[in-house]
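Examining the three-dimensional arrangement
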Amino acid sequence: MKKLLITFLTGALFAFGLALSGMAQPSVVLAFLDITGNWNPALLLVMAGAIGVTLPAYRLLFRSGKPLLAERFDLPAATRISGRLITGSALFGIGWGLSGYCPGAALVALPGALETGVFIAAMLAGFWISRLLDSVFPAAAD
């Protein structure tokens, strides 16, 4: 129960941060990404703040040897950059640039607008198609 409560509070804090920073508003994100137009650099401060908090926290946490609520760290074993990683990253960036939403921010903004629901439906369809392709072409999923 303690782990579930901390997980919920962490997610709620993350959602609050997304909403407070403007990351759940596509117009803010798109203005940040539009470096040749009416560029709004405000999200640079959000990124700097996130890095400023996360970097020391990660260093402290990894120095302790184990997570607070688990027996060990569960880190990815893959160390190479694969075509799948590049393709997924490119699709994420294209989707973010076209819509102004990333998955977390879209969930925060879901109650606000119909287009957010359309984005989430398209995102879930993309997840489903990816799983389907992995099952049809398992060798390509490495």
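Here, the structure is the one placed above.
Report on the accompanying structure. (Residues numbered from 1 in each chain as written. Predicted model: local features only at pLDDT ≥ 70, side-chain atom pairs only at ≥ 80, totals over all residues. Heavy atoms only, no water.)

It is worth spelling out the layout of surface pockets at this point. One number sums up the size of the largest pocket: a volume of about 860 Å³. Looking at the lining of the largest pocket, the elements with two or more residues in it are α4 (83-99) and α6 (114-136). When residues in the lining of the largest pocket are grouped by element, the largest group, 13 residues, is from α4. Of the residues assigned to the lining of the largest pocket, the class counts are 17 nonpolar, eight polar and two charged. Taken together, 17 residues make up the lining of the second largest pocket; nearest its centre are Thr10, Tyr58, Leu61, Pro67 and Leu68. Among the elements of the structure, α1 (2-21) and α3 (42-64) are those that each provide at least two residues to the lining of the second largest pocket. The element contributing the most residues to the lining of the second largest pocket is α3, with five residues. (1 Å grid on protein atoms, 1.4 Å probe; cavity = no way out; pocket = protein on both sides within 12 Å on 5 of 7 lines; lining within 4 Å. Points joined across faces, edges and corners; volume = space filled by probe spheres on them. Helix = DSSP H or I, 4+ residues; strand = E, 2+ residues; numbered from the N terminus. Nonpolar A, V, L, I, M, F, W, Y, C, P; charged D, E, K, R; others polar.)

With that out of the way, let us pick up α3. Helix length check: α3 (23 residues) gives 34 Å between terminal C-alpha atoms against 33 Å at 1.5 Å per residue, within 8%. Positive phi appears at Gly65, one or two residues downstream of α3, with a value of about 95 degrees. (Expected span 1.5 Å × (residues − 1).)

What follows concerns the nonpolar core. Listed in full, the nine residues of the largest apolar core are Ala24, Tyr101, Cys102, Ala105, Ala106, Ala109, Phe119, Ile120 and Met123. Sorting the residues of this core by element identifies α5 (103-109) and α6 as the ones contributing at least two each. Excluding anything up to four places from it in sequence, Tyr101 contacts Ala24, Pro26, Gly95, Trp96, Ala106, Ala109, Thr116 and Phe119. (Core = buried A, V, L, I, M, F, W, Y, C linked by side-chain atoms within 4.5 Å. Buried < 20%, exposed > 50% of the residue type's maximum accessible area, 1.4 Å probe, protein only. Contact = heavy atoms within 4.5 Å.)

A separate point is a nonpolar patch on the surface. Together, Ile35, Trp39, Leu44, Met47, Ile51 and Leu55 make up an exposed nonpolar region whose accessible area comes to about 620 Å². Positionally, Ile35 belongs in the loop between α2 (26-33) and α3. (Patch = residues over 30% accessible without salt bridge, like charges linked within 9 Å, V, L, I, M, F, W, Y side chains within 5 Å. Areas by Shrake-Rupley, 256 points an atom, 1.4 Å probe, with all protein chains shown as cover. Salt bridge = Lys/Arg side-chain N within 4 Å of Asp/Glu carboxyl O.)

Locating Thr116 in the fold gives a position in helix α6. Thr116 sits in the buried class, given a relative accessible area of 0%. Leaving out residues up to four positions away in the same chain, Thr116 has contacts with Tyr101, Ala106, Ala109 and Leu110.

On to the packing of α2 against α3. Interaxial distance between α2 and α3 falls to 8 Å at its minimum, and their mutual angle equals 95 degrees. Taken together, the axes of α2 and α3 lie roughly perpendicular to each other. Where α2 abuts α3, its residues Val28, Val29 and Phe32 lie against Leu43, Leu44 and Met47. Considered class by class, the residues forming the contact of α2 with α3 number six nonpolar, no polar and no charged. (Axes fitted to C-alpha atoms, helices over the stretch in contact; angles between N-to-C directions. Parallel < 35°, antiparallel > 145°, perpendicular 65-115°, else oblique.)

Okay, the environment of Gly88 next. Positionally, Gly88 belongs in helix α4. The spatial distance from the C-alpha of Gly88 to the C-alpha of Ser130 is 9.7 Å, given a sequence separation of 42 residues.

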